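Now for the letters of each chain:
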Amino acid sequence: MGEVVAAAVYSKGRKVRDIHLDEGREWAAKPEHFVWIGLHDPGSQELGNLQRQFNLHELALEDALQRHTRPKLEIFGDALFLVLYSPVQVGGELTFVETQLFAGKGYVISARYGESAPYSKVRQRCEARPLLLEHGEDFVLYALISFIIENYRPLMDTYYAELEQLEQTVLECAMTHGEVVRIQQLRRDLLRLRRNIGPLAEICQELQHLDFPFIDKNMRPYFRDVAIHVNRLLEDLTNLREMADHAIEVGLLLESSRQSVVQRKFAAWAAILAFPTAVAGVYGMNFHYMPELDWHYGYFAVLGVIGAGCAGLYASFRHYGWL
């Protein structure tokens, strides 16, 4: 069973009174009046009631009951049906709360499925601006869409700060497995955000050009403003995606550089150790006629040659930055 969060009737920018859900059609039919109904997790019973009252299209009701579609705008005669999504982080995981909007002459209905920022703030803002609320259904529709888009900004600011920190960490030390996993998770979340923000630009463009009885031409600049905010979000998403990719690339380059330094050190020490091994290998062949085998100071001379050779190789590798 769903919850009726709020249901009220408005006229000339002012709230007339709260109403029962069954009174919607009566008030919506009155000139210069419209009803604004907010639902939370409505079921088929509440949506069926509203369909009978406001003659909602059966395809819109079918989509509303199925849910989990992509953001979209559907036009059914003189009525609109919108599906939008608000981002919510639960336990560090990004999820999306679906909101469905039904709008037509005399009514605006919002249905929210899940826990997100309550739309009571939108109602308070609208009621505090009676001159704009006087426009009616189109202003409420704009306010709801704008509020949903606003929910993306704090999340993206959080991602921006986290990616900046990850970039700094990558520059200072080698990436850990957890950091690689987190960057990949951020990249996946950014793709999911784009999937839900991208269609909003097209939706706002369509709303600017619709010729509907309840959409005033004077409201078109407001929908254009929403479209501008959506485009900015898309630009920021592109920048965040580039930051995540850059962090991965820098991490890989630095790791490759560190491995190259280690490999050079191993190669240098291997070369230094190869010199005494070669000398010792020659004198370990045990042939009878070999130079200086019977010399009293031969052992010490060979040790000196080995020490001098190793010292020379060490100095050379140090000079070229291998050690």
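Please read all numbers here as calculations on a predicted model, not as lab measurements.

Quick look at the packing of helix H6 (residues 137–150) against helix H7 (residues 152–172)
Relative placement of two packed helices is described by the angle separating their axes and the distance separating the axes. For the pair H6 and H7, the least separation of the axes is 5 Å and the interaxial angle reads 15°. Relative to H7, H6 is oriented roughly parallel. Where H6 approaches H7, its residues Ile148, Ile149 and Glu150 are matched on the opposing element by Tyr152, Arg153 and Pro154. Among the residues forming the contact of H6 with H7, the class breakdown is 4 nonpolar, no polar and 2 charged.

Topic: the packing of aromatic side chains
For any pair of aromatic rings, the description consists of the separation of the ring centres together with the inter-plane angle of the planes. Here the structure, examined in full by the defined rule, presents 8 aromatic pairs. Where Phe81 meets Phe102, the ring centres are 4.9 Å apart and the plane angle is 40°; that geometry is what we call tilted. Taken as a pair, Phe81 in strand E5 (residues 79–90) and Phe102 in strand E6 (residues 93–104) lie far apart in primary sequence, 21 residues in all. Comparing Phe81 with Phe102, the two get one shared label, buried. Ring geometry for Phe139 and Tyr142: centres 5.9 Å apart, planes at 40°, overall tilted. Separated by 3 residues within a single helix, Phe139 and Tyr142 lie in helix H6, roughly one turn from each other. Look at Tyr142 and you get buried, because its relative accessible area is 12%. Taken together, the ring pairs in this structure connect Phe139, Tyr142, Tyr222 and Phe223 into an aromatic cluster. Over the face of the ring belonging to Trp36 we find Arg123, whose NZ or CZ atom lies 4.2 Å from the ring centre.

The rules behind the values
- Residues numbered from 1 in each chain as written.
- Predicted model: local features only at pLDDT ≥ 70, side-chain atom pairs only at ≥ 80, totals over all residues.
- Heavy atoms only, no water.
- Axes fitted to C-alpha atoms, helices over the stretch in contact; angles between N-to-C directions.
- Helix = DSSP H or I, 4+ residues; strand = E, 2+ residues; numbered from the N terminus.
- Parallel < 35°, antiparallel > 145°, perpendicular 65-115°, else oblique.
- Contact = heavy atoms within 4.5 Å.
- Nonpolar A, V, L, I, M, F, W, Y, C, P; charged D, E, K, R; others polar.
- Phe/Tyr/Trp six-rings, centres within 6.5 Å; stacked < 30°, edge-to-face > 60°.
- Buried < 20%, exposed > 50% of the residue type's maximum accessible area, 1.4 Å probe, protein only.
- Lys NZ or Arg CZ within 6 Å of the ring centre and 35° of its normal.

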